[in-house]
Amino acid sequence: VRIDCEGGRLVSVGLTQTAPVFGGVYIGHTELAAALGLAERDLRPDLIPTQVVSTGAAHLLVAVRDRNAIARAHPDLPRLARLLAFAECQGCYLFSLDPLALEAVAHTRCFNPTEGIPEDAATGSAAGPLACHLVEHGRVKDGATVWIEQGHSMGRPSMIEVRVSGELVRVYGQCVTAAEGKMRW
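Chemist: What am I meant to see in the pairing of strand 8 (residues 117-120) here?
Modeler: Each regular strand displays side chains that alternate between the two surfaces of the sheet. Bridging between strand 7 (residues 106-112) and strand 8 involves 2 bridges; their strand directions are antiparallel. Each residue of the ladder has a partner; that of C110, found in strand 8, is D120. Hairpin connection from strand 7 to strand 8: 4 residues lie between these consecutive antiparallel strands, with G116 at a positive phi of about 80 degrees.

Shown next, in the form of structure tokens:
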């Protein structure tokens, strides 16, 4: 873990992930699109293959036509969980290459029903694999800093910074308190 401060203020927290592991390429796009509540034409495996990639936690990375299609996704979570279990991964990370922010490379949404998370606003464990996937398929140069936007569909926009250099993957971000609670024993 790396903590960056400027003038005594927290700027970002970074985490080094494990070297990327590229799993199987997924080919069941008809079933996957249905589980995501999308049309099969919304998925774009012709641009970048749908593949399981891990930098510590395996995610199914799914290229989608555009951010409007990503916004339309309305997954059947039990059905998606079964597909993810079959693909031997925990989350499904939808991405398009038409982000809102100029500095971003991808617009994303993450569904992780296998871990009880219907949707996440910022998923570093998926952003790391996505950056590696984009490097692997020539969409980003090795050694680049990649910005990935997420959380817009939830009204909680986030920007995740990923630095990939060979097998070294570092994810950086900032946080805000979204909820507080107390436990009583």
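Chemist: Could you clarify how one ought to interpret a nonpolar patch on the surface in this entry?
Modeler: A cluster of nonpolar side chains, namely V1, I3, L10, V13 and L15, defines an oily patch on the protein surface of about 490 Å² accessible area. As for its placement among the helices and strands, V13 is situated in strand 2 (residues 9-17).

Chemist: In this structure, what is going on with the nonpolar core? I would like to understand it.
Modeler: General note: in soluble globular proteins, nonpolar side chains tend to be found buried as a group. Ranked by size, the top nonpolar core spans 23 residues in total, and within it L32, L36, L43, L60, V62, L80 and L94 carry the most contacts. Of all the secondary structure elements, the ones that give two or more residues to this core are helix 1 (29-36), strand 5 (58-63), helix 2 (67-72), helix 3 (77-86) and strand 6 (91-96). No other element matches helix 1, which puts 4 residues into this core. Among residues more than four places away in sequence, those in contact with V62 are L32, L43, T50, C92, Y93, L94 and F95. The next biggest cluster of nonpolar side chains, apart from the first, holds 22 residues, and it includes V53, A63, C110 and V162.

About the cut-offs
- Residues numbered from 1 in each chain as written.
- Predicted model: local features only at pLDDT ≥ 70, side-chain atom pairs only at ≥ 80, totals over all residues.
- Heavy atoms only, no water.
- Pairing = 2+ DSSP bridges.
- Helix = DSSP H or I, 4+ residues; strand = E, 2+ residues; numbered from the N terminus.
- Patch = residues over 30% accessible without salt bridge, like charges linked within 9 Å, V, L, I, M, F, W, Y side chains within 5 Å.
- Areas by Shrake-Rupley, 256 points an atom, 1.4 Å probe, with all protein chains shown as cover.
- Salt bridge = Lys/Arg side-chain N within 4 Å of Asp/Glu carboxyl O.
- Core = buried A, V, L, I, M, F, W, Y, C linked by side-chain atoms within 4.5 Å.
- Buried < 20%, exposed > 50% of the residue type's maximum accessible area, 1.4 Å probe, protein only.
- Contact = heavy atoms within 4.5 Å.

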